Each structure stands twice: as structure tokens, then as C-alpha cells.
Amino acid sequence: SSGINAEYGGYQNIVGNWSCVAKSSDQQPVSIDFVTLCTSRPEVSFDPPLRKGVARQGTTITLHCECNQLDVFRGDMQWAWFVDGASPAGNKFQYVNSPYGYPTDTMKIYDLEDIDTAKYGCNCIIGQQKTIQFTSETQRMTVMEPPGKPKDITLLDKTGNSLEISWLNSENMGVVINYEISYKGESESYYRQIRSVEERRYTLTGLNALTQYSIKIVASNYAGEGDYSDVAVFNTSQPSESKPVIHPPKDIVYNQETQTYLKDVGPGVDISLSCEVRSYPPPVIEWWLNNQRITTTDTQTNQNLPVNFEKSLHKKNEFLVESVLVIRKTRDINTGDYQCVASNTKGRDVLNYELRVTPTDTKEQTATDSSLSTSLHLLLSLLVTLLWAAAA
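Given the structure is predicted, the values throughout are model-derived calculations rather than measurements.

(A) Representation of the overall build of the protein chain in the model. Counting secondary structure elements, the protein chain contains two helices and 30 strands. Within the protein chain, the fraction of its 392 residues that count as buried is 36%. Put simply, of all contacts in the protein chain between residues at least 6 apart along the chain, 62% involve residues at least 24 apart. Accessible surface, the protein chain: about 23700 Å² in total, of which carbon and sulfur atoms supply 48%.

(B) Broad picture of the sheet that holds strand S22 (residues 253-255). Spatially, the six strands line up as an open sheet ordered S22-S23-S30-S29-S25-S26, and their pairing is mixed. Where the open sheet ends on each side, the last strands, each with one partner, are S22 and strand S26 (292-294). Between one strand axis and the next, the sheet turns by 35 degrees as a mean value, whatever way the strands run. The pairing of S22 with strand S23 (residues 260-265) spans three bridges and is antiparallel. Looking across to S23, one finds that Tyr254 is bridged to Tyr261.

(C) Expanded view of the pattern of salt bridges. Under the defined criterion, the tally for this structure stands at eleven salt bridges. For Lys92, the salt bridge is made with Glu113, and the minimal N-O distance between the two is 3.0 Å. Linking Lys92 in the loop between strand S7 (77-83) and strand S8 (93-96) with Glu113 in the loop between strand S9 (104-109) and strand S10 (118-127), this pair joins segments that are 21 residues apart in sequence. On the accessibility criterion, Glu113 (35% relative accessible area) is partly exposed. One salt bridge connects Glu310 with Arg328, and the closest N-O pair in it is separated by 3.1 Å. Remark: Arg328 occurs in the loop between strand S28 (320-327) and strand S29 (336-344) and Glu310 occurs in strand S27 (residues 309-315); sequence separation between them is 18 residues. By relative accessible area, which is 33% here, Glu310 ends up partly exposed. A residue is classified by how much of its surface remains accessible, and Arg328, at 35% relative accessible area, is partly exposed. The network of salt bridges with shared partners includes Lys92, Glu113 and Asp116.

(D) How the structure looks around the state of the cysteines. Inspection of the entire model under this criterion finds two disulfides. Across the disulfide from Cys275 sits Cys340; the S-S distance is 2.0 Å. Negative torsions about the S-S bond denote left-handed disulfides, and the value of about -80 degrees found for Cys275 with Cys340 makes this one left-handed. Of the two residues, Cys275 sits in strand S24 (residues 271-280) while Cys340 sits in strand S29, which places them 65 residues apart along the sequence. Classification of Cys275 as buried rests on a relative accessible area of 0%.

The rules behind each value
Residues numbered from 1 in each chain as written. Predicted model: local features only at pLDDT ≥ 70, side-chain atom pairs only at ≥ 80, totals over all residues. Heavy atoms only, no water. Helix = DSSP H or I, 4+ residues; strand = E, 2+ residues; numbered from the N terminus. Buried < 20%, exposed > 50% of the residue type's maximum accessible area, 1.4 Å probe, protein only. Contact = heavy atoms within 4.5 Å. Areas by Shrake-Rupley, 256 points an atom, 1.4 Å probe, with all protein chains shown as cover. Pairing = 2+ DSSP bridges. Axes fitted to C-alpha atoms, helices over the stretch in contact; angles between N-to-C directions. Salt bridge = Lys/Arg side-chain N within 4 Å of Asp/Glu carboxyl O. Disulfide = S-S within 2.5 Å.

Shape is all these values report; function is a separate question.
Have a look at this one:
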């Protein structure tokens, strides 16, 4: 070992497999493996992992110091932690002894507080009389508590489908990265969330008119979420008046020139014509066939209209309703031009349908008629032949 000491004094940058060669009393060389050293510097990691280098106040953190590809002969390995360049001291630090020759050392810090904000690192020390030391890069840990509780949620403005709100931070708010707003309507069983709100002012949109909403807010930073604010309750207002707008039906052929939706069906089937209308106040919806108003299933104002109709109205929300005209067991008389007319005090809108009820297989009917005509012709020819024979 004296030869190695002389040649490699200091041992600070030695990496690789080394052996010591000595001679026994009978002058036979003996080779002894000494150590396989780190191929990289030790690394410090945190469990649980830090978010932006921040740990939550009051929790416990575990630090690991690992020297990759380290294999020590005879276990001549020691670990030393340092905090801002000094050895950690106090009962809150606990060291977990690693198994024999295991290339990782662990330290736990309990009940984190502001004074634990520091740069942490470790040394891996190999050898006894002569040592080799490897030092990790330092990792900074900032101890932070979650934000305080937002307060005083205030209503700034409201419409039929929106609420504009603002709020204040409490006196002990601390660091805030962003806010999360949770809200639900009076008939809803769960809260919906708006995340990553950076300002203390926000407008909730897409709400229902004349509805009560419960709202609560929580602030967060890299240490986590704080406590929710008290729940505030506000009502949306009556919606703004607007003329009816009929939504175009889907999956139906549209004639751009006549602005009419075309529907071809066979006889004896049930079909539905739908008319979805958005407006406020709610619209009055009427159905017309060939410029004559369809009233009920049993009675028509004009006896030329068929009576196989059913009408229904579905309210989807305070702005949207759908009227459905059902035609049962279609017949030729159901062919014609249909109109859905939606109106309120602000105006009207019209949706046009053209319904055509045609035989399901015209070619088959034509073939049947032709076959019947041929059979009659053969029968007449036979009858004429028999009459000539009788006269002879």
C-alpha cells in the first residue's frame, strides 16, 4: 500500500479498478482487490420529489445520496451529509444505515420548517487511513407552507348565463401561484372546476338563467393547495330577449336552391320531423302542411289533412326547446311541404321540410302488371281458338 500511497497521494480523482500487489514471506506475489470507485459523482434526491424545489411545511422528507456503480471491498465506505456546507445537527435529522456495501445513504428530516430551507449535499468517503472522497452537487430545498384561505367572494356583474366575481386574500395568505374556482348549480350534485386562474377576478360563463350557483375558491403554490374559502351563493339573471333561431337538422339532404330539407320514405312507416329552437322568451312552435296548420291527432281545422300526427315538446334548458312531429304509418296523403314555424315577441324563424311517400319497389309493381297483361292476352287467344273450332 505504501507504493500506491506514494504514487496516488490524495485519491481525489481516481476512478477505476485498483489492486495492491504485495509479497508474502516466501516471496510469492499476492494480489488483493482494493476497490471499484464511483464512475460519477454522488447524487442527492428527495422523496417525495420536490416541485420546483419546494417541500411542504410540517411534513417529513427523505433524502437519498447515491453513488452509481460503487462496489467497496471490505465495506470501507462512509457517508457524510452537509447542509449549507455544515454537518446537520439536531433531533429532527435521522440517518438510516444502509446495508453492507450498499451504494446509497438515507437521511430523513422531520417536521419541516422555514429554517430547513438550505442547500443539501453528501460526501462518499472510501478508505480508512488514506481516504478518497466524492462530493455531490448540492440541491436546494425551500420549505414553504400552502397559501391561506381566500375570502370575501363578491359579485361584480351578472347576466342570464354568466357571473363575474372577485375575491381577496387573507392576511396570512403567503405565496400564491394560482387559484382554482369550484362552482355548481342548485340542481347539480357535483362541483365543476376552473383551474390555473392567476388573477383575483373571473367571469363564469355558460350558466343557466335564473339559477342559484354555489362558488368556492382555493389557492395553491408549489407546496400544494390551501384551505377552501367559505361558499358564496349568487343567482344568474333573466336572459336577454332574442328572436327564435332554428338549428338545422342533421343527416338530412338539404336543397340549397329551395332551402328545403328532403325526406323520402316508403308507405306504412313511422317517421319524425324535429325542430330545435333557441330563443328567449320561449317560442310558440307550430307545424304546417301545404300551408295548413296541423293541430292535434284527433281533429284538423281542414278535413283534407291526414290525422296520423303526434306532436311533442321537449325543453332542454331555458333557451333551447325541441318540437317533434311524428307521422304514424305514412300514406300517400302525407306527401307534401311541411313547415316548422317558431315565433316570440322578438321575431320568428321557419324550417322547411319536403316529405315524399313513395312505394318501396316501383319496378316490382311494374313487373307484376306486365305479367298480368301477358296472361290475359294468352287467355283471350285460347278462347278465340276454341270458338273457331266450335264453329267449324
